[in-house]
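# Descriptive structure summary
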Amino acid sequence: MMKVILLFFFSFLFSFSQERCGAEFYRDLLIEKDLFHPSNISNRQALSIGQYDIPVVFHIIYNNEQENISDDQVFSQLDVLNKDYNAENQDFINVPDTFVNVASSSGIRFCLAQLDPSGNVSSGITRTYTDLEVFSMSEDKMKMSSEGGIDPWDTEKYLNIWVCDLNGNLLGFSTFPGTDPLLDGVVIDYEYLGVLLNSPSPYNLGRTATHEIGHFFGLEHTFYAGCSDWDGCDDTPPISSSSFGCPEFPQESCGSLDMTMNFMDYTNDACMYMFSTCQANEMINNLINQRAGLLEHNFCFYNSLWNDEKNKKLLRVIDILGRGGNNKGFNIEIYDDGSVKKTYILR
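Residues numbered from 1 in each chain as written. Predicted model: local features only at pLDDT ≥ 70, side-chain atom pairs only at ≥ 80, totals over all residues. Heavy atoms only, no water.

### Quick look at the overall build of the protein chain
What the protein chain contains, in helices and strands, is 5 helices and 14 strands. Per-residue burial for the protein chain yields a buried fraction of 54% across its 347 residues. Excluding contacts between residues fewer than 6 apart, the proportion of contacts in the protein chain whose partners are at least 24 apart in sequence is 68%. Element-wise, carbon and sulfur atoms account for 51% of the exposed surface of the protein chain, whose accessible area totals about 15800 Å². (Helix = DSSP H or I, 4+ residues; strand = E, 2+ residues; numbered from the N terminus. Buried < 20%, exposed > 50% of the residue type's maximum accessible area, 1.4 Å probe, protein only. Contact = heavy atoms within 4.5 Å. Areas by Shrake-Rupley, 256 points an atom, 1.4 Å probe, with all protein chains shown as cover.)

Below, the structure written as structure tokens:
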């Protein structure tokens, strides 16, 4: 019993000692430097959405072997992203009944880019030794080859994720749509990328990248404006402040139940496991309207597999709860060869 109490106490202190996300502060820095110019999406597309494949390059920047993380650690992160963004994560079943009807998949999948900007075959992972011991969010040196980091691959065609030793207690940060192309992408501290089951940190299940990529596709924190309820989504209840640790459900603030398990809050990795329908809509709309270049190039090998499936017969469409589908949101198409396809419908 005493071990359990000590473990909980350690996790509680660790949560508050870490800076979960620097995206909002980073955006403010870019605004001051005139490097952030958001565009208003006035005409949002209403389309039946299938799978979207996003080519990703991980830039591993290291000063020692501990920071030179393994390919397997990168692979585990990619697996987490694909599950989290498609409601395939095992803990999705923990979504409370209160929020089941708004819990959703985005239909977005991620692959390691198999071609680099010059057209050469690539693993989607670069490795760069640096003399710098730590990197600062405010200086952007990890994104510059001339400063000890590495220049991004074309940010209109690839999602760049820099992995390095961030100074202070910052886990990661991301740009929002509208950022200067030379700086666009996600940065994660090497200690919080992928699944690290032996780590004592409560941020060891790859959810830092899930959270930051949400910002990359335009999502705000669920607590962004407190009880004034403006995070851009009407199906994420207003919440007075960020949530830490692993709150028991239900928690209440602002006169409603808190969606503390949302990926865009600050809870421990093991206690966040859902996006909402509106958040999925926002990400898809921002992808289509502001990051469409990510979809225009076949840098994901398995994209070509879809060309072999033209003759399949659609048998049934269901929603995420197994009911009749073809409704707004996440749907599953079942084919006569036993395969399934996830689709997303915006209306």
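On we go.
### Regarding the pairing of strand 2 (residues 52–62)
Strand 2 sits mainly inside the fold: 11 of its 11 residues count as buried. Burial of the side chains of strand 2 extends over both faces: Y52, I54, V56, F58, I60 and Y62 are buried on one face and D53, P55, V57, H59 and I61 on the other. Where strand 2 meets strand 4 (residues 108–112), 5 bridges bridge the pair, whose relative direction is parallel. Note on strand 4: the bridge partner recorded for V56 is L112. Taken together, the 5 bridges between strand 2 and strand 6 (residues 159–164) define a ladder with parallel strand orientation. Paired with I60 across the strands is V163, a residue of strand 6. Examined bridge by bridge, strand 2 and strand 5 (residues 125–129) share 5 bridges and lie parallel to one another. Residue pairing for strand 5: F58 is matched across the bridge by I125. (Pairing = 2+ DSSP bridges.)

### Describing the nonpolar core
Judged by nonpolar contacts, the single largest core of 38 residues is most densely connected at F58, F110, L159, I161, I213 and F217. It is strand 2 that contributes the most residues to this core, 5 residues altogether. Each residue touching I213, except ones within four places of it in the same chain, is listed here: L81, Y85, F110, L159, I161 and V186. (Core = buried A, V, L, I, M, F, W, Y, C linked by side-chain atoms within 4.5 Å.)

### A few points about the state of the cysteines
This model, assessed by the stated rule, comprises 3 disulfides. Covalent S-S linkage joins C233 and C278, the inter-sulfur distance amounting to 2.3 Å. Looking down the S-S bond of the C233 and C278 bridge, the torsion is -85 degrees, so its handedness is left-handed. Taken together, the residues C233 in the loop between helix 4 (207–216) and strand 9 (252–253) and C278 in helix 5 (residues 277–290) connect sequence positions 45 residues apart. This pair shows no difference in class: C233 is buried, exactly as C278 is. The disulfide bridge from C246 ends at C271, spanning 1.7 Å between sulfur atoms. Between C246 and C271 the disulfide shows an S-S torsion of about -90 degrees. By sign, it is left-handed. (Disulfide = S-S within 2.5 Å.)

### Describing the confidence of the model for the protein chain
In the predicted model, the protein chain carries a mean pLDDT of 87, and the fraction of residues at 70 or more is 82%. Taken together, the stretch residues 1–16 has pLDDT below 50 and engages in 13 contacts with residues farther than four places along the chain or on a different chain. Every residue in residues 302–310 is under pLDDT 50, and counting partners more than four places away or in other chains gives 10 contacts. (pLDDT = per-residue confidence, 0-100.)

### Here we look at helix 2 (residues 23–32)
Among the residues of helix 2, those classed as buried are A23, Y26, R27, L29 and L30. Viewed along the axis of helix 2, the buried residues span an arc of 160 degrees, placing them on a single side of the element. Positive phi appears at D34, one or two residues downstream of helix 2, with a value of about 60 degrees. (Arc of directions from axis to C-beta.)

### Remarks on helix 5
Helix length check: helix 5, at 14 residues, gives a terminal C-alpha distance of 19 Å against a target of 20 Å (1.5 Å per residue), a fit within 8%. Taken across its 14 residues, helix 5 has 12 buried, putting it largely inside the fold. Considered for burial, the residues of helix 5 that qualify are T277, C278, Q279, A280, N281, E282, M283, I284, N285, N286, L287 and I288. (Expected span 1.5 Å × (residues − 1).)

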